[in-house]
Amino acid sequence: MRRTRPILGIVTLLLFLAATAIAGDFDWVRDFNLRAGKNPRDFRARLAGRFQAGDEQIGAVIDDVSKPSEAYIVFRLEEMSGQPLDRVMAEYEYGRKKGWDVIAKRLGVRPGSKEFRAMKAGQDLFTEDAPRKGK
């Protein structure tokens with residue numbers, strides 16, 4: 001019994017550290033979805049401006065994903081990978097239950113890359129200084 005206590009303590013600490021490390025990924029999603037849901041027209045306009053996408057493309061993506069944040073991430077992966085939107089959507093359908101890291105990797109985006117880590121840490125659509133493609 002005495003030997004199991006230190007082992008149990010170590011295991012608990014490791015689980016806590018792992019959970020803390022993972023918790024930072026995509027923390028922005030909840031607030032993003034709330035904000036996009038409050039004003040869907042503004043959200044669509046922001047997507048169009050940020051990604052230079054047409055209303056048809058935006059509508060198709062929004063209709064095929066379950067949350068506004070997923071639409072944003074699809075367009076970001078299109079941008080990062082240089083792959084056409086239909087390919088990104090196909091990978092989304094294939095890997096959505098496996099996670100964004102799997103989808104990104106299949107599109108040729110390294111999940112450990114600076115750009116991908118930045119996307120996991122935050123978004124640039126609902127900020128005053130959101131960069132615009134082409135500027």
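As the structure is a computational prediction, the values presented were derived from the model and not from experiment. (Residues numbered from 1 in each chain as written. Predicted model: local features only at pLDDT ≥ 70, side-chain atom pairs only at ≥ 80, totals over all residues. Heavy atoms only, no water.)

**With respect to the overall build of the protein chain**
Check the secondary structure of the protein chain and you find eight helices and zero strands. In sequence order, the protein chain lays out its α and β elements as α-α-α-α-α-α-α-α. Excluding contacts between residues fewer than 6 apart, the proportion of contacts in the protein chain whose partners are at least 24 apart in sequence is 60%. Summed over all atoms, the accessible surface of the protein chain reaches about 8,900 Å², with 55% contributed by carbon and sulfur. (Helix = DSSP H or I, 4+ residues; strand = E, 2+ residues; numbered from the N terminus. Contact = heavy atoms within 4.5 Å. Areas by Shrake-Rupley, 256 points an atom, 1.4 Å probe, with all protein chains shown as cover.)

**Some details on the packing of aromatic side chains**
Going through the model one piece at a time under the given rule, you end up with ten aromatic pairs. For the ring pair Phe51 and Phe75, a centre distance of 5.5 Å and an interplane angle of 20° mean the geometry is stacked. In this pair, Phe51 sits in helix α3 (residues 40-51) while Phe75 sits in helix α5 (residues 68-81), placing the two residues 24 residues apart along the sequence. Here Phe51 matches Phe75 in class, with each residue buried. Members of the aromatic cluster, each reached through a chain of ring pairs, are Phe26, Trp28, Phe32, Phe43, Phe51, Tyr72, Phe75 and Phe126. The ring of Tyr94 carries the charged tip of Arg106 above its face, separated from the ring centre by 4.0 Å. (Phe/Tyr/Trp six-rings, centres within 6.5 Å; stacked < 30°, edge-to-face > 60°. Buried < 20%, exposed > 50% of the residue type's maximum accessible area, 1.4 Å probe, protein only. Lys NZ or Arg CZ within 6 Å of the ring centre and 35° of its normal.)

**Details of the packing of helix α2 (residues 29-38) against α3**
Look at α2 against α3: their axes get within 5 Å of each other, and the N-to-C directions meet at 110°. The orientation of α2 with respect to α3, classified from their angle, is roughly perpendicular. Within the contact between the two elements, α2 uses Phe32, Arg35, Ala36, Gly37 and Lys38 and α3 uses Pro40, Phe43 and Arg46. Here the contact of α2 with α3 is built from residues that sort into four nonpolar, one polar and three charged. (Axes fitted to C-alpha atoms, helices over the stretch in contact; angles between N-to-C directions. Parallel < 35°, antiparallel > 145°, perpendicular 65-115°, else oblique. Nonpolar A, V, L, I, M, F, W, Y, C, P; charged D, E, K, R; others polar.)

**Examining unusual backbone geometry**
Backbone geometry places Phe26, a non-glycine residue, at a positive phi of 60°. You will see that Gln52, though not glycine, has its phi angle at about 50°, which is positive. Tracing the sequence through the fold places Gln52 in the loop between α3 and α4 (55-64). Given the relative accessible area of 54%, Gln52 is considered exposed.

**Some remarks on the packing of α2 against α5**
The N-to-C vectors of α2 and α5 enclose an angle of 105°; their axes lie 8 Å apart at closest approach. With respect to each other, α2 and α5 are oriented roughly perpendicular. Touching Val29, Phe32, Asn33 and Ala36 of α2 are Pro68, Ser69 and Tyr72, all from α5.

**Some remarks on the nonpolar core**
Among the nonpolar cores identified, the biggest contains 32 residues, and Leu47, Val74, Leu77 and Trp100 are the most heavily contacted of them. Elements represented by at least two residues in this core include exactly α2, α3, α4, α5, α6 (85-95), α7 (100-106) and α8 (114-121). The contact partners of Leu77, leaving out residues within four places of it in the chain, are Gly82, Val88, Trp100, Ile103, Ala104, Leu107, Phe116 and Met119. (Core = buried A, V, L, I, M, F, W, Y, C linked by side-chain atoms within 4.5 Å.)

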